[in-house]
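# Working through the structure, step by step
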Amino acid sequence: MKAADLGALERIQKTALTGLRPAKPLVSVGMGTCGIGNGADVVYAALAAGQKKKGTDFILAKVGCFGFCAEEPLVSVVLPGQPMVFFHRVTEKDVPKLLQQVSSGTIQPKKALFKIEDWDFLTGKISYGSGLPTIPPWNEIPFFQGQKKIVLRDCGLIDPENIEQYIAVGGYRAVFKALREMSPDAVIAEMKVSKLRGRGGAGFPTWRKWELMKVVEADQKYVICNADEGDPGAYMNRNEIESDPHMLIEGMLIGAFAMGATKGIVYVRAEYPLAVERLRKAVADAREYGILGPKACGSSFPFDLEIVEGAGAFVCGEETALMASIEGRAGRPMPRPPFPAQKGLYGKPTNINNVETWCNVPVILARGGKWFTETGTETSPGTKVFSLVGKVKNTGLVELPLGTSLETIVYQMGEGAGKKKKIRAVQTGGPSGGCIPSDHFHTPVDYESLNSLGAIMGSGGMVVMDQDNCMVDVARYFVEFTASESCGKCTPCREGLSQSLAILNGITRGKATEKDLDTLESLASVIKNSSLCALGQTSANPVQTTLKYFRDEYLAHIKENRCQAGVCQDLFLELCENSCPMHMNIPGYLQLLKEGRLEDAFESTLRDNPLPGTIGRICHFHCQMRCRRETVDAPVSQGEIHRYLADTMYKMGKEKQIYDKIIKEKHDPTGKSIAIVGGGPAGLTAAYYLVRLGHKVTVYDNHAKCGGITRYGIPNYRLPSEVLEKEADFIRKLGVKFVFNTTIGKDLSLSVLAKDNDAVFLAVGAQKDIPLSIPGDSLKGVYLGYELLELFAKKKMPPLGENVAIVGAGNVAIDMARTALRLGANVTVVYRRDKASMPANESEIEDAEAEAIRFVFMASPNKVIGDGNGRVHALEIMKMKLGPTDASGRRKPVATGETDIIACDSLVIATGERVESGFVKDVGIKTRGNGTIEVNPFTLQTSVDHVFAGGDAVSGPATAAEAMGQAKKAAEAIDYYLTGERRFHSLFPKIAYGNQVPAQPEGGPRNYGRKTAVKDRIKSFVEVAQGFTGEQAHREASRCLRCDVKEERK
Amino acid sequence: MEKSLQMWVPEKKVDEMIGRFGGNPGALLGLLEEAQGQNRYRYLPKETLDYISKKTEIPLSQIYSVVTFYSFFNLKPQGEHSIVVCRGTACHTKGSKAILESVARLLGGSESLEEGEPSFTTPDNRFTLRTVACFGQCALSPVVSIDGVIHSNVTEGKLLKTLNRLMKGGKR
């Protein structure tokens, strides 16, 4: 049946429409390459087999991809009169239930993700049915919120291999109108009104490109579709062709007519076999129906399409290289002018546009250019399809109005990366683009704003990266790619990129200097300004943007030989050691324990960490978060082991011999004196290393004893004070002098300290509670969390009431809650977010729950209600609900308007702490807005040369291990500053141990330390976590896979 | 290598292909791809290239320029099984480098890859390992194709299991 005229087309449309909204159930399986890659073909086969076997009466169809790749395979079901329901992650096992729903006529919402009641195809509309209130409409689930489907309007809803379905939803009407009722000029005029810009990346106005070719007289003109989507990370063109090939054909035909080109070519990269296959079928069908041919759409305009497959060269995405490729030559770009519109393929005028540009054309002609400008921004109307991939929850294709912010895309649609990982950057535009750091996420996505950041929109690839991605490695990766894809013709690109790659490789191997960074920068600039084509010109962008926004990371690789993300293998021992803020040699002590050498294992931990027993109890265990054993079963409990080592040595009294050994190693006195302000974990650590290097060290603290938060903020059931006491005592034995009950800035000025000492280390921590400032917070019985914990530790806490409410869910709040519980109170913890978002240690949360502490989630404190006598009586809270994901990776709490009352006679506010650093102004030290002290990230020097700072005072509230890690780094920097010699490594003599890698994962499942029974622990402050037995510790140590053992690089 | 293996695609077949592609756009690329595909070892022996040059009257130097420029063309016999690891951005971000390295180690091609060779074929001709810049399956990264079948969300463990099975002569 041919579509020789509009009447015939309308007849086909009418008939075919019943196929999309049939009188019997319609089950469609999404069959794009992703869907098939995830098992959609198996599901389809199972449905077909089930249909045959059971004889259920329904239509089984294949459709394209709806775009939510992370949830593939997607299967949609339309029961007559009901909405179209999409089921997600469908497997073979789900098929019987699906068939059952089809035959019974009732949809079960369990595996349904969303529904569509009516769909606007923009060239047509279909109403499926309403109902099923428990299933959310498609555009109310986070991934689709804010999306507007113009280009992807048909994808996933029609069968891409059936031309009649395209016609059914209104396809090909626009081209019929154009070819029969409009002039080429009128078509271009409509394109001008639409202000459509090229979607390949450069954003050149499409109407102008067409106009330039239209006016050229020639005996043959060509239109080409650039479907050589080579950008790694981008695959929207693939989906556009696989799911709706006729849209592309229609667009090209309209354009060809406007420009007078009678031949068209689609150049598809060979890596897209399904797209090629679907397009071939579509072209064949279009010929059969008379859309293409000597009388296209029954008009007098002849037009036909050829398909040419690429052969694996990224540079062929550049238009002159693409044409050379079609002509059977190597794809090497040519200088322009002459532009393709004048002299292109085979020397004839040629117009090349990207797939997505062509795909926008039919809908512009169908709805009008003016309609098109109603979406997007003034200078960039319309939508763009982006591929959102990488370290984000919802991956897939999103189509949004231009001008949408990155924040919306990453956090709202992508739903971020969870609370455990922090998103650092988004890489846009492939190897021609750049990395945009998270603090620029408010930037709207359009051609100009991305250009201003040094990135480009490019083809629309968006790769999300988190803290485990190394930005230097990202730059190196892209340069490696462009260097290998460079055609080699021009020197700046060919030589420049290979030299840049050599430098970047050097940086990732710790063999580069700061001068290399300068060379890299000047190379980038030369390559950008003098390369022949856009591949070279834009290849510098990844380097330039990462240098601009992440320079410190490059410097850390060069100056410290450190790769924080744990990617550049030559720069760290292993992921556990790299993630540990103190870089403890974890595989080392595990191996030593395995070999039965307890003393050596303990010595190893003590050298790296002055408070092994303490940290083994309270650490957040960053090491375990990256342990590779997790890919087998569960991470190795590394921290629990170094606690075991310390506890065992102390129990046996054997630590003394190690202590004596370390004391004997003390360097000769240097004659330099160092003052340390703050005797918490950071101060103690700095003191520990500096005194061993021979300096005279004095620690000043405003408390009566040292320890800081570890003594005054962490109750005994988590950290018995005897452990801390013993470990601090060793530091005293090493010769560190302590001056207590002295507040610097009050009892003694910082300027005096700075004058009297050769160096000063500020480690005052962040212990000042941030008050909540709600009405009634000055009533009696309202306390601040950290302050209260301190008072309790000093045995000076006022008696708490019977019903204690605590606002907050960090470690301070939980510690206060568990303390109050042990004192006999009924405890309620009030938190404004949900359980999954709690910042406290996971083990603390577990323990608190086991102790039956009541948690009220999604409740934000509104005001404190008094009893009429000036004392707290209750807390009024505002009930919250979960809103969109925010920059912390958690869902933002949003007020519902409903309030509630929580009765209490004592209220503790523990919602955060800050640094008190006013006293540093005394010597002119710079601080940031939130009070934290500014330091050089590599030397930890403040704005005053010989004054250093570290710990929470610099980072804001963080973990004890991180504070100690900074202090260790500062100690090294201070020693170098004072002596000019690199002596730090002498404090870490190597302890030899075996290096056999276990052939198979050993040791069995993860061991867990014993815990005191709940009933025994809630009445006293006895330690809850009892640690490992010897047997457990040995077994656990043998679970280590020894990933640190590497072959020597030749 | 035996002469019979070098010129596996019969001349008559090549003639037919040339006739089919004719002087159409992209003819040379398409012709070379098909000639390679029809070769049992999926490569283009010199004899085939010489023959094509003679029949199409395209200079051998141009044909040589094309087959060495485009990564799709193989001038050496390929292994029975082909393993292609995607090294696109999304796959790289999700750790495809480590996957590539572990497969290379398994097959004995680590040194070759380090030196920048685009592909590695085991001496017994059973496996060829290569990379592709991007399969366009980014939402399902990391992606590896084994004998043309795309596997998504690949982990080192799963992949090595599959490869070990293949090495022992099983099916994927």
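Predicted model only: the values in this text are computed from it and were never measured. (Residues numbered from 1 in each chain as written. Chains lettered and ligands numbered in written order. Predicted model: local features only at pLDDT ≥ 70, side-chain atom pairs only at ≥ 80, totals over all residues. Heavy atoms only, no water.)

### Some points on the overall build of chain B
Within chain B, the regular secondary structure consists of 9 helices and 5 strands. Starting at the N terminus and walking to the C terminus, you meet the elements of chain B as α-α-α-α-α-β-α-α-α-β-β-β-β-α. Seen along its three principal axes, the alpha-carbon backbone of chain B occupies a region of about 50 × 35 × 30 Å. A burial count over chain B gives 50% of its 172 residues as buried. Nonlocal contacts in chain B, meaning residues at least 24 apart in sequence, comprise 62% of its contacts between residues at least 6 apart. When the accessible surface of chain B is totalled, it reaches about 8200 Å², and 52% of it is carbon and sulfur. The distance from the centre of the 22 positive side-chain charges to the centre of the 18 negative ones in chain B is 8 Å. (Helix = DSSP H or I, 4+ residues; strand = E, 2+ residues; numbered from the N terminus. Buried < 20%, exposed > 50% of the residue type's maximum accessible area, 1.4 Å probe, protein only. Contact = heavy atoms within 4.5 Å. Areas by Shrake-Rupley, 256 points an atom, 1.4 Å probe, with all protein chains shown as cover. Lys, Arg positive; Asp, Glu negative; His and termini not counted. Charge placed at Lys NZ, Arg CZ, Asp CG, Glu CD.)

### Re the overall build of chain A
Across its full length, chain A holds 40 helices and 33 strands. Taking the principal axes of the C-alpha coordinates as reference, chain A spans close to 100 × 65 × 60 Å. Across the 1050 residues in chain A, those meeting the buried criterion constitute 60%. Long-range contacts, defined here as pairs at least 24 residues apart, represent 71% of the contacts in chain A between residues at least 6 apart. Of the roughly 39300 Å² that chain A leaves accessible, carbon and sulfur atoms contribute 51%.

### Remarks on the sheet that holds strand 17 (residues 673-677) of chain A
All names here are of chain A. In space, the 5 strands of this open sheet follow the order 19-18-17-20-31, with parallel pairing throughout. With partners counted over all chains shown, the strands left at the sheet margins are strand 19 (737-739) and strand 31 (947-949), one partner each. Across the sheet, the axes of successive neighbouring strands diverge by a mean angle of 20°, strand direction being ignored. In this structure, strand 17 lies alongside strand 20 (residues 759-762), joined through 4 bridges in parallel fashion. Across the sheet, the residue bridging to Val 677 is Leu 762, located in strand 20. Sheet strands touched by helix 38 (residues 960-979): strand 17, strand 20 and strand 31. Its angle to strand 20, the strand with the most contacts, is close to 170°. (Pairing = 2+ DSSP bridges. Axes fitted to C-alpha atoms, helices over the stretch in contact; angles between N-to-C directions.)

### With respect to the packing of helix 2 (residues 11-21) of chain B against helix 3 (residues 27-38) of chain B
All names here are of chain B. Packing of helix 2 against helix 3 leaves a shortest axis separation of 10 Å and a crossing angle of 150°. Looking at the two axes, helix 2 sits roughly antiparallel to helix 3. For the element pair helix 2 and helix 3, the recorded crossing hand is right-handed. Touching Lys 13, Met 17, Ile 18, Arg 20 and Phe 21 of helix 2 are Ala 27, Gly 30, Leu 31, Glu 34, Ala 35 and Gln 38, all from helix 3. Across the contact of helix 2 with helix 3, the residue classes tally to 6 nonpolar, 2 polar and 3 charged. (Parallel < 35°, antiparallel > 145°, perpendicular 65-115°, else oblique. Left-handed = near helix turned anticlockwise from the far one by under 90°. Nonpolar A, V, L, I, M, F, W, Y, C, P; charged D, E, K, R; others polar.)

### Looking at the pattern of salt bridges
Residue and element names in this part refer to chain A. This model, assessed by the stated rule, comprises 75 salt bridges over all chains. For the salt bridge of Lys 195 with Glu 378, the shortest nitrogen-to-oxygen distance reads 3.1 Å. In this pair, Lys 195 is assigned in the loop between helix 7 (184-194) and helix 8 (206-214) and Glu 378 in the loop between helix 14 (369-372) and strand 12 (383-390), connecting sequence segments 183 residues apart. A residue is classified by how much of its surface remains accessible, and Lys 195, at 34% relative accessible area, is partly exposed. Where Arg 1035 meets Glu 1031, a salt bridge forms, and the shortest distance between an N and an O atom there is 3.3 Å. (Salt bridge = Lys/Arg side-chain N within 4 Å of Asp/Glu carboxyl O.)

### Observations regarding the environment of Pro 273 of chain A
Looking at the secondary structure, you find Pro 273 of chain A in helix 11 (residues 273-288). Through-space distance from the C-alpha of Pro 273 of chain A to that of Glu 242 of chain A is 9.7 Å; in sequence the pair is 31 residues apart.

### Quick look at helix 4 (residues 46-56) of chain B
Note on helix geometry: an α-helix contains 3.6 residues per turn, so any two residues three or four positions apart are oriented the same way. Residue and element names in this part refer to chain B. Within helix 4, burial applies to Thr 48, Leu 49, Tyr 51, Ile 52 and Ser 53. Where the residues of helix 4 are buried, they touch helix 2, helix 3 and helix 5 (60-69). Immediately downstream of helix 4, the backbone of Glu 57 shows phi near 65°, a positive value.

### Notes on helix 5 of chain B
Residue and element names in this part refer to chain B. All buried positions along helix 5 are accounted for by Ile 63, Val 66, Val 67 and Phe 69. Within helix 5, the buried residues cover an arc of 165° as seen down the axis, which keeps them to one side. Looking at the buried positions of helix 5, the neighbouring elements they touch are helix 3 and helix 4. (Arc of directions from axis to C-beta.)

### Some details on the nonpolar core
Residues and elements named next belong to chain A. Counting residues in each nonpolar core, the largest one holds 140 residues, and the members touching the most others are Phe 66, Tyr 172 and Leu 365. A total of 10 residues in this core trace back to one element, the largest contributor, which is helix 10 (residues 245-259). For Tyr 172, the residues in contact, after removing those within four places along its chain, are Leu 9, Ile 163, Tyr 166, Ile 167, His 246, Ile 249, Glu 250, Ala 286 and Ile 291. Core analysis: the second largest hydrophobic core is formed by 94 residues, Cys 576, Leu 693, Ile 714 and Ile 933 among them. (Core = buried A, V, L, I, M, F, W, Y, C linked by side-chain atoms within 4.5 Å.)

### Description of unusual backbone geometry
In this structure, the amide linkage connecting Glu 72 of chain A to the following residue, Pro 73 of chain A, adopts the cis form with an omega of -5°. Counting through the fold element by element, Pro 73 of chain A comes out in the loop between strand 2 (59-63) and strand 3 (75-78). In this chain, Pro 337 of chain A is followed by Pro 338 of chain A through a cis amide linkage whose omega measures 0°. Examined against the element boundaries, Pro 338 of chain A turns out to sit in the loop between helix 12 (319-326) and strand 11 (350-354). In this structure, Ser 773 of chain A is a non-glycine residue whose phi angle is positive, near 55°. A positive phi is found at Arg 42 of chain B, a non-glycine position, where the angle reads about 50°. By the element assignment, Arg 42 of chain B lies in the loop between helix 3 and helix 4.

### Digging into the interface of chain A and chain B
Listed as interface residues are 55 residues of chain A and, on the opposing side, 37 residues of chain B. Between chain A and chain B the total buried area reaches about 3300 Å² when both faces are included, carbon and sulfur atoms providing 57% of it. Inspection of the chain A/chain B interface yields 0 salt bridges. At the level of secondary structure, the elements contributing two or more residues to the side of chain A that touches chain B comprise helix 2 (33-37), strand 9 (263-268), strand 10 (304-309), helix 12, strand 12, strand 16 (461-466) and helix 17 (471-485) of chain A. (Buried area = accessible area lost by both parts, 1.4 Å probe.)

### What to know about the pairing of strand 15 (residues 434-437) of chain A
As a general feature of sheets, a regular strand has side chains that alternate between the two faces. Residue and element names in this part refer to chain A. Where burial is concerned, the two faces of strand 15 agree: the one with Gly 434 and Ile 436 and the one with Cys 435 and Pro 437 are both buried. Sheet topology note: the strand 14 (residues 423-428)/strand 15 ladder contains 4 bridges and is antiparallel. Opposite Val 426, over in strand 15, you have Ile 436 as the bridge partner. A loop of 5 residues connects strand 14 with strand 15, the two strands running antiparallel in sequence, and Gly 429 in this loop sits at a positive phi of about 80°.

### Overview of the pairing of strand 1 (residues 26-30) of chain A
Residue and element names in this part refer to chain A. Judged by how many residues are buried, strand 1 sits mostly within the fold: 5 of 5 residues are covered. Residues Leu 26, Ser 28 and Gly 30 point to one face of strand 1 and Val 27 and Val 29 to the other, with burial holding for every one of them. Sheet topology places strand 1 next to strand 3; 4 bridges connect them, and they run antiparallel. Paired with Leu 26 across the bridge in strand 3 is Val 78. Note that strand 1 and strand 2 share 5 bridges and pair parallel.

### Here's the deal with the environment of Leu 397 of chain A
Residues and elements named next belong to chain A. Mapped onto the fold, Leu 397 is located in strand 13 (residues 396-401). A residue is classified by how much of its surface remains accessible, and Leu 397, at 1% relative accessible area, is buried. Along the backbone, Leu 397 and Cys 65 are 332 residues apart, and their C-alpha atoms lie at a distance of 9.5 Å. Residues in contact with Leu 397, not counting those within four places in the same chain, are Gly 67, Cys 69, Phe 143, Gln 147, Tyr 235, Met 236, Asn 239, Val 385, Phe 386 and Ser 387.

### Some words on the packing of aromatic side chains
Residue and element names in this part refer to chain A. With the rule as written, the count across this model stands at 36 aromatic pairs over all chains. Here the aromatic rings of Tyr 166 and Tyr 172 are separated by 4.9 Å at their centres, their planes lie at 80°, and the arrangement is edge-to-face. Taken as a pair, Tyr 166 and Tyr 172 share a single burial class, namely buried. Centre to centre, the rings of Phe 738 and Phe 740 are 5.6 Å apart; their planes meet at 10°, and the pair counts as stacked. For Phe 738, a relative accessible area of 15% puts it in the buried group. By relative accessible area, Phe 740 is classed as partly exposed at 24%. (Phe/Tyr/Trp six-rings, centres within 6.5 Å; stacked < 30°, edge-to-face > 60°.)

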